[in-house]
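Here is how the chains run, residue by residue.
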Amino acid sequence: MNLAGKVVLITGASSGIGAAAALKFSQLGASLALSGRKVDNLNEVAKQCTGLAPFVVAGDITKEADTERILKATIEKYGKLDVLVNNAGIIETGTIETTSLEQFDRVMNTNIRSVYHLTMLAVPHLIKSQGNVVNVSSVNGIRSFPGVLAYNISKISVDQFTRCVALELAAKGVRVNCVNPGVTVTNLHKRGGMDEQTYAKFLEHSKNTHAMGRPGQASEVADAIVFLASDASSFITGASLPVDGGRHAMCPR
């Protein structure tokens, strides 16, 4: 999986799965554009990358002008785009009784509307390069869980978006896939409101909710992203790849 000469744009690259993916892509020789809201964190990730120094372009992908600027700056820097990794996402708790429309809009704008917008802008460049898209969904896009309603809806939307766009672009030589992580050790849930004690209990409970008896690591999801982005998966498109220790296959007993 040599990615030398490939230009990869990663959103949400300042931490977690996005940061882990940046490190993996850099190890394989890719030229990187790293996007996220926190420029200091992006610069720190960039320092950890090997090979060519990544191009850091901060911005908030829920703002249309920022999304347009991120892609434009990437093309101006490298002259092309080979891989788009739509990783940025948020989670918020709430049920149909407690999730406000403001919450719903916030989650949907980040997790699917921004993915739609950036992909739409990137497609002409990906057609030229015969490139591909890897979206970061969730096991919540495959299975249903109570208590995170807006998040669930946003992630199943990512899976359907992946399949539909894969069919639309297959004849033009562009592949589109997604990964579906289970519980992964990142700061996602803490940003979503979990305190340290609750998060520790959540990770401990994951030993029972994942067939392999543990939560995943960001590097394990990054390995799957890199695989789908590489020529090693040249005949795969429209796929939702669980990276969840078997959680998607489990049923309550």
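A brief look at the structure comes next. (Residues numbered from 1 in each chain as written. Predicted model: local features only at pLDDT ≥ 70, side-chain atom pairs only at ≥ 80, totals over all residues. Heavy atoms only, no water.)

Notes on the pairing of strand E5 (residues 132–136)
Which entries qualify depends on this criterion: Residue exposure (1.4 Å probe, protein chains only): buried if accessible area is under 20% of the type maximum, exposed if over 50%, otherwise partly exposed. A run of H or I in DSSP counts as a helix once it spans at least four residues, and a run of E counts as a strand once it spans at least two, with each numbered from the N terminus. By definition, the crossover connecting two strands over a helix is right-handed if that path, from the first strand to the second, turns clockwise as seen with the strands pointing away from the viewer. Think of it this way: DSSP has to see at least two bridges between two strands before they count as a pair.
With 5 of 5 residues buried, E5 lies mostly within the body of the structure. On the question of chirality, the crossover connecting strand E4 (residues 83–86) to the parallel E5 by way of helix H4 (residues 101–129) is right-handed. Note that E5 and strand E6 (residues 175–181) share 5 bridges and pair parallel. Directly across from Asn-135, in E6, lies its bridge partner Cys-178. In this view, the connection linking E5 to its parallel neighbour E6 by way of helix H5 (residues 149–169) has right-handed handedness.

A word on helix H2 (residues 39–48)
Going by this rule: For this quantity, the arc is that covered by the directions from the helix axis to the C-beta atoms. Residue contacts are counted whenever heavy atoms from the two residues lie within 4.5 Å of one another.
What H2 keeps buried is the set Leu-42, Val-45 and Ala-46. The buried residues of H2 all sit within an arc of 100 degrees when viewed along its axis, so they share a single face. Among the exposed residues of H2, those oriented more than 90 degrees off its buried face are Asp-40 and Lys-47. Buried residues in H2 make contact with helix H1 (16–27), strand E2 (31–34) and strand E3 (55–56).

A short note on the packing of H1 against helix H8 (residues 218–229)
The criterion, for reference: Only the contacting stretch of a helix is used when fitting its axis, a line to C-alpha atoms as for every element, and angles between N-to-C directions run 0 to 180 degrees. Any angle that is under 35 degrees is reported as roughly parallel, and any over 145 degrees as roughly antiparallel; angles of 65 to 115 degrees are reported as roughly perpendicular and all others as oblique. Crossing handedness: left-handed means the near helix sits turned counterclockwise from the far one by under a right angle, and right-handed means the same turn made clockwise. Residue type decides the class: Asp, Glu, Lys and Arg count as charged, Ala, Val, Leu, Ile, Met, Phe, Trp, Tyr, Cys and Pro as nonpolar, and the leftover types, Gly among them, as polar.
Running from N to C, H1 and H8 point in directions that differ by 55 degrees, and their axes come no closer than 8 Å. The orientation of H1 relative to H8 falls into the category oblique. Where H1 crosses over H8, the handedness of that crossing is right-handed. On H8, the residues touching Gly-16, Ile-17, Ala-20, Ala-21, Lys-24 and Phe-25 of H1 are Ala-218, Ser-219, Val-221, Ala-222, Asp-223, Ile-225, Val-226 and Ala-229. Grouping the constituent residues of the contact of H1 with H8 by class yields 10 nonpolar, 2 polar and 2 charged.

Some points on the nonpolar core
To keep things clear, this is the line we draw: By convention a nonpolar core is built from buried Ala, Val, Leu, Ile, Met, Phe, Trp, Tyr and Cys residues, the set being connected through side-chain atoms within 4.5 Å.
Core analysis: the largest hydrophobic core is formed by 30 residues, its most contacted members being Val-8, Ile-10, Phe-25, Leu-32, Leu-34 and Ile-225. It is H8 that provides the largest number of residues to this core, a total of 8 residues. Aside from chain neighbours lying at most four places away, what touches Val-8 is Phe-25, Ala-30, Ser-31, Leu-32, Ala-33, Leu-81, Val-83 and Val-85. With 27 residues, the next largest nonpolar core counts Leu-118, Ala-122, Val-133 and Val-158 among its residues.

Describing the environment of His-117
On the secondary structure map, His-117 appears in helix H4. C-alpha of His-117 to C-alpha of Thr-98: the two residues are 19 residues apart in sequence and 28 Å apart in space. Setting aside its immediate chain neighbours within four residues, His-117 contacts Glu-64, Thr-67 and Glu-68.

Observations concerning the layout of surface pockets
Selection criterion: The method works on a 1 Å grid over the protein atoms by themselves. A cavity is a set of points holding a 1.4 Å probe that cannot get out, a pocket is an open set with protein on both sides within 12 Å along at least five of seven lines, and residues with an atom within 4 Å of a point line them. Grid points are joined across faces, edges and corners, and a volume is the space filled by probe spheres set on the points.
Roughly 1,000 Å³ of volume is contained in the largest pocket. In terms of lining, the largest pocket is formed by 48 residues, of which the most central are Gly-89, Ile-90, Ile-91, Leu-188 and Arg-191. Secondary-structure elements contributing two or more residues to the lining of the largest pocket are H1, H5 and helix H6 (188–191). Residue classes in the lining of the largest pocket are distributed as 16 nonpolar, 25 polar and 7 charged.

Topic: H8
The condition is simple: The span expected for a helix works out to 1.5 Å for each residue beyond the first.
In this model, H8 (12 residues) spans 16 Å end to end at C-alpha, consistent with the 16 Å of a helix rising 1.5 Å per residue. Listed in full, the buried residues belonging to H8 are Ala-218, Val-221, Ala-222, Ala-224, Ile-225, Val-226, Leu-228 and Ala-229.

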